[in-house]
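# Chain and residue survey
Here are the chains, one letter per residue:
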Amino acid sequence: ALLLAFDGGAPNLGDLWSLVAATTSACFIITLGSASRSEGAVAAELNATTAACTAALCSVWAVADAATSTTGSALHDLLQLQAHIAEVAFLGVVTTAFAQWLQALGQARIDATDAAVIFALDPVYGVCFASLWL
(Lines give C-alpha, C1' and ligand atoms only; values in the text may rest on other atoms or scores of the structure.)
Protein backbone atom coordinates (compact mmCIF):
# COMPACT_ATOMS: atom_id res chain seq x y z
CA ALA A 1 0.00 0.00 0.00
CA LEU A 2 2.85 2.38 0.72
CA LEU A 3 4.28 1.76 -2.73
CA LEU A 4 0.94 2.73 -4.24
CA ALA A 5 0.72 5.86 -2.11
CA PHE A 6 4.21 7.04 -3.02
CA ASP A 7 4.15 6.38 -6.76
CA GLY A 8 5.56 9.78 -7.69
CA GLY A 9 2.16 11.35 -8.39
CA ALA A 10 0.19 13.64 -6.19
CA PRO A 11 -1.56 11.92 -3.27
CA ASN A 12 -5.20 11.17 -4.01
CA LEU A 13 -8.23 9.60 -2.37
CA GLY A 14 -7.34 6.15 -3.72
CA ASP A 15 -3.98 6.32 -1.93
CA LEU A 16 -5.77 7.09 1.32
CA TRP A 17 -8.20 4.20 0.82
CA SER A 18 -5.28 1.82 0.12
CA LEU A 19 -3.51 2.84 3.31
CA VAL A 20 -6.69 2.62 5.38
CA ALA A 21 -7.49 -0.82 3.94
CA ALA A 22 -3.98 -2.12 4.66
CA THR A 23 -4.05 -0.73 8.20
CA THR A 24 -7.48 -2.14 9.04
CA SER A 25 -6.56 -5.50 7.53
CA ALA A 26 -3.43 -5.68 9.68
CA CYS A 27 -5.42 -4.72 12.77
CA PHE A 28 -8.01 -7.38 11.98
CA ILE A 29 -5.34 -10.07 11.55
CA ILE A 30 -3.72 -9.18 14.87
CA THR A 31 -7.04 -8.96 16.73
CA LEU A 32 -8.40 -12.21 15.26
CA GLY A 33 -5.15 -13.98 16.05
CA SER A 34 -5.29 -13.06 19.72
CA ALA A 35 -9.06 -13.61 19.98
CA SER A 36 -8.90 -17.05 18.35
CA ARG A 37 -6.25 -18.20 20.82
CA SER A 38 -8.09 -16.93 23.90
CA GLU A 39 -9.65 -19.34 26.36
CA GLY A 40 -12.93 -20.78 25.12
CA ALA A 41 -12.74 -19.14 21.69
CA VAL A 42 -14.73 -20.96 19.02
CA ALA A 43 -14.03 -20.30 15.36
CA ALA A 44 -17.73 -20.45 14.48
CA GLU A 45 -18.57 -17.78 17.07
CA LEU A 46 -15.76 -15.50 15.90
CA ASN A 47 -16.91 -16.02 12.33
CA ALA A 48 -20.53 -15.26 13.20
CA THR A 49 -19.51 -12.04 14.92
CA THR A 50 -17.36 -10.95 11.99
CA ALA A 51 -20.08 -11.82 9.46
CA ALA A 52 -22.76 -9.99 11.46
CA CYS A 53 -20.61 -6.86 11.72
CA THR A 54 -19.77 -7.01 8.01
CA ALA A 55 -23.42 -7.46 7.04
CA ALA A 56 -24.56 -4.61 9.29
CA LEU A 57 -21.93 -2.18 8.01
CA CYS A 58 -22.54 -3.10 4.36
CA SER A 59 -26.30 -2.72 4.84
CA VAL A 60 -25.86 0.73 6.33
CA TRP A 61 -23.57 1.69 3.43
CA ALA A 62 -26.01 0.36 0.81
CA VAL A 63 -29.00 2.14 2.35
CA ALA A 64 -27.04 5.40 2.68
CA ASP A 65 -25.89 5.08 -0.93
CA ALA A 66 -29.44 4.47 -2.12
CA ALA A 67 -30.79 7.35 -0.03
CA THR A 68 -28.25 9.84 -1.34
CA SER A 69 -28.37 8.75 -4.98
CA THR A 70 -29.54 11.53 -7.26
CA THR A 71 -30.05 9.26 -10.28
CA GLY A 72 -31.86 6.43 -8.50
CA SER A 73 -29.34 3.95 -9.87
CA ALA A 74 -28.29 2.72 -6.43
CA LEU A 75 -31.87 1.85 -5.52
CA HIS A 76 -32.26 0.16 -8.90
CA ASP A 77 -29.12 -1.88 -8.22
CA LEU A 78 -30.46 -2.96 -4.84
CA LEU A 79 -33.72 -4.08 -6.40
CA GLN A 80 -31.83 -6.06 -9.06
CA LEU A 81 -30.38 -8.28 -6.34
CA GLN A 82 -33.62 -10.25 -6.38
CA ALA A 83 -32.74 -11.56 -9.84
CA HIS A 84 -29.32 -12.71 -8.63
CA ILE A 85 -30.08 -14.04 -5.17
CA ALA A 86 -28.28 -17.37 -5.79
CA GLU A 87 -25.07 -15.58 -6.78
CA VAL A 88 -25.30 -13.23 -3.82
CA ALA A 89 -25.91 -16.17 -1.47
CA PHE A 90 -22.88 -18.00 -2.90
CA LEU A 91 -20.69 -14.94 -2.39
CA GLY A 92 -22.01 -14.45 1.13
CA VAL A 93 -21.76 -18.05 2.28
CA VAL A 94 -18.81 -19.55 0.40
CA THR A 95 -16.45 -16.69 -0.33
CA THR A 96 -17.17 -14.73 2.83
CA ALA A 97 -18.50 -16.81 5.73
CA PHE A 98 -16.63 -20.03 4.90
CA ALA A 99 -13.39 -18.18 4.16
CA GLN A 100 -13.62 -16.20 7.41
CA TRP A 101 -14.33 -19.39 9.35
CA LEU A 102 -11.21 -21.00 7.85
CA GLN A 103 -9.24 -17.87 8.73
CA ALA A 104 -10.38 -18.05 12.37
CA LEU A 105 -9.44 -21.75 12.51
CA GLY A 106 -6.05 -21.10 10.97
CA GLN A 107 -5.19 -18.11 13.09
CA ALA A 108 -5.86 -20.10 16.23
CA ARG A 109 -2.88 -22.23 15.22
CA ILE A 110 -0.35 -19.75 13.83
CA ASP A 111 1.00 -16.32 14.77
CA ALA A 112 -0.45 -13.14 13.34
CA THR A 113 2.88 -12.43 11.63
CA ASP A 114 2.78 -15.73 9.76
CA ALA A 115 -0.86 -15.11 8.84
CA ALA A 116 0.03 -11.68 7.46
CA VAL A 117 2.70 -13.24 5.22
CA ILE A 118 0.20 -15.82 3.96
CA PHE A 119 -2.34 -13.09 3.21
CA ALA A 120 0.31 -10.94 1.52
CA LEU A 121 0.92 -13.80 -0.91
CA ASP A 122 -2.76 -13.77 -1.96
CA PRO A 123 -1.99 -12.23 -5.39
CA VAL A 124 0.53 -15.02 -6.02
CA TYR A 125 -2.11 -17.65 -5.22
CA GLY A 126 -4.50 -15.83 -7.54
CA VAL A 127 -2.02 -15.92 -10.42
CA CYS A 128 -1.32 -19.61 -9.88
CA PHE A 129 -5.02 -20.48 -9.72
CA ALA A 130 -5.78 -18.34 -12.78
CA SER A 131 -3.02 -19.98 -14.79
CA LEU A 132 -4.41 -23.42 -13.93
CA TRP A 133 -8.03 -22.41 -14.47
CA LEU A 134 -7.56 -20.48 -17.68
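Structure shown above.
Scope of this entry: the structure provided in the associated data block. Just so you know, the residues in each chain are numbered from 1, in the order the chain's sequence is written. For this predicted model, a pLDDT threshold of at least 70 governs which residues receive local features, and a threshold of 80 or more governs which side-chain atom pairs are given and counted, while totals over whole chains, interfaces and linings are taken from all residues. Note that the side-chain values use all heavy atoms of the structure and ignore hydrogens as well as water.

Of the two site types, the cavity is a set of points on a 1 Å grid over the protein atoms alone where a 1.4 Å probe fits but cannot get out, and the pocket is an open set with protein on both sides within 12 Å along at least five of seven lines, each lined by residues with an atom within 4 Å of a point. Grid points are joined across faces, edges and corners, and a volume is the space filled by probe spheres set on the points. Within the structure shown, the criterion is met by one cavity of 30 Å³ or more. Reported here for the largest cavity is a volume of approximately 40 Å³. In terms of lining residues, the largest cavity is bounded by Phe28, Leu32, Leu46, Asn47, Thr50, Gln100, Gln103 and Ala104. To qualify as a helix, a DSSP run of H or I must reach at least 4 residues; to qualify as a strand, a run of E must reach at least 2; elements of each kind are numbered from the N terminus. Secondary structure elements with two or more residues in the lining of the largest cavity: helix H2 (13–36), helix H3 (43–68) and helix H5 (85–107).

A few words on the state of the cysteines. Count a disulfide wherever a pair of cysteine sulfur atoms falls within 2.5 Å. According to the stated counting rule, one finds zero disulfides in the structure shown. Cys53 supplies the cysteine sulfur nearest to Cys27, a cysteine that is in no disulfide, at a spacing of 15 Å. Its sulfur unpaired, Cys58 is 11 Å from the next cysteine sulfur, which belongs to Cys53. Each residue is assigned to one of three classes by its accessible area relative to the maximum for its type, calculated with a 1.4 Å probe on protein chains only: buried under 20%, partly exposed between the two thresholds, exposed over 50%. Since its relative accessible area comes to 48%, Cys58 is described here as partly exposed.

The residue Gln107 is located in helix H5 in this model. Judged by its relative accessible area of 1%, Gln107 is buried. Every residue in contact with Gln107, bar those within four places of it in the chain, is listed here: Ile29, Leu32, Gly33, Ser36, Arg37, Ala112, Ala115 and Phe119. What makes two residues a contact is simply this: any of their non-hydrogen atoms within 4.5 Å.

Don't take any of this as a statement about function, it's just geometry.
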